[in-house]
Amino acid sequence: MRIVTGDDIRSVCSWPFAVEALRAGHLMKPAELRDSLVENAGRKMLVRTAWIAGLASGVKAVTIYPDNPGATPPRPSVQGQVLLFDEAAGHVVAVLEGVDLTAWKTAGDSALGSSCLSRPDIRTMLMVGAGSMARPLIDAHRAVRPSLDHVMIWNRSRPRAEELAAALEACGVTAEVVADLDAAVSRADLISSATMSTEPLIRGEALKPGTHVDLVGAYTPAMREADDATLRRGRLFVDSFATTVGHIGEVMIPMASGAITRADIQGDLHDLVQGRAGRKSAEEITVFKNGGGAHLDVMMAHAVYLALEGR
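Residues numbered from 1 in each chain as written. Predicted model: local features only at pLDDT ≥ 70, side-chain atom pairs only at ≥ 80, totals over all residues. Heavy atoms only, no water.

Please set out the overall build of the chain residue by residue, giving values where relevant.
What the chain contains, in helices and strands, is 11 helices and 13 strands. For a compact globule of 311 residues, the expected C-alpha radius of gyration is about 19 Å, and the chain comes in at 19 Å, within 12% of that figure. Along the first, second and third principal axes, the C-alpha set of the chain runs to 55 × 45 × 45 Å. For the chain, the residues scored as buried account for 53% of the 311 residues in total. Within the chain, residue pairs in contact and separated by at least 24 positions form 69% of the contacts whose partners lie at least 6 positions apart. Taken as a whole, the chain presents about 13,400 Å² of accessible surface, with 54% of it coming from carbon and sulfur. (Helix = DSSP H or I, 4+ residues; strand = E, 2+ residues; numbered from the N terminus. Rg over C-alpha atoms; globule rule 2.2 N^0.38 Å. Buried < 20%, exposed > 50% of the residue type's maximum accessible area, 1.4 Å probe, protein only. Contact = heavy atoms within 4.5 Å. Areas by Shrake-Rupley, 256 points an atom, 1.4 Å probe, with all protein chains shown as cover.)

Written out as structure tokens, the structure reads:
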């Protein structure tokens, strides 16, 4: 059994590596998934399992302690590991650092969606939210769409947005902090949102034709980042029906109100990667809901393990 640290993961991972690992995984049959969540006084333990026939199986177990960053010394709010099992024989082949792997698979998930849905000539990206996932999402999207040469950043707290913009500028990326979200939405070719919002931030009326919208942040039934008009104006896709429909507010809330129906979801990543669905014209708006799931962790863990073993 191999112990895989965050340094090990970074030593083999790149955004093209992550996207291709997820693309290859979605050429397989859909995974069998199970989730379990336990909560105590605001603290949570989440256990997710996935079995991808012919590839691998795995378990991701994480704790979510919201008060940890304010402790002395500060501690991560999310901590955990991924167990990777040999699919044929059933033994554990690796234990991987879960937080580091999660960043690669989450942003890689969105970038894979963009590679299937966004226009190949896009130039301007809007990042909504400047938290821990903002930089990975920007880097991942730019890896699959190298034409992106200008990044706008909107955040409720301007200093965090300015810090992110400065880091991007230091790496040669043209970055701009914006205060008017609607105005920024109307300028963007690609919008990626990763916030903790429970009220829609992105208004569909402000979207211009041809925009691709990547929704990452809303991961509970009460959370939402885009309004009904966004989902009505755009053609809606999800990374996985199993982890979004009936689980995430971005889809559940508008379905409950009748704003959209299950039939309005045009496909998932299996459909997109295998060519059964996709963008139909340069003018249409596409919306991709990144819901995550242990199957993505297993795809990434398996690719990382093979890369490390092959060195």
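There is more to say, and it comes next.
Can you break down the pairing of strand β8 (residues 150-154) residue by residue, with the values?
Burial of β8 is extensive: 5 of the 5 residues sit out of reach of the surface. The two faces of β8 match: H150, M152 and W154 on one face and V151 and I153 on the other face are all buried. Summarising the sheet, strand β7 (residues 124-128) and β8 pair through 5 bridges and their orientation is parallel. Bridged to M125 within β8 is V151. On the question of chirality, the crossover connecting β7 to the parallel β8 by way of helix α4 (residues 134-144) is right-handed. (Pairing = 2+ DSSP bridges. Right-handed = clockwise from strand over helix to strand, strands pointing away.)

Which residues make up the nonpolar core, and what are the values?
In terms of nonpolar packing, the biggest core is built from 64 residues, with L84, L96, M300 and V304 touching the most fellow members. Among the elements that line this core, the one with the most residues is helix α11 (residues 294-309), at 10 residues. Setting aside residues up to four positions removed in sequence, M300 forms contacts with C13, F17, A18, A21, L22, L101, W104 and K105. One finds W154, A184, I202 and I260 within the second-largest nonpolar core, a separate group that totals 25 residues. (Core = buried A, V, L, I, M, F, W, Y, C linked by side-chain atoms within 4.5 Å.)

So far we have only geometry, and geometry alone does not tell us how the molecule works.
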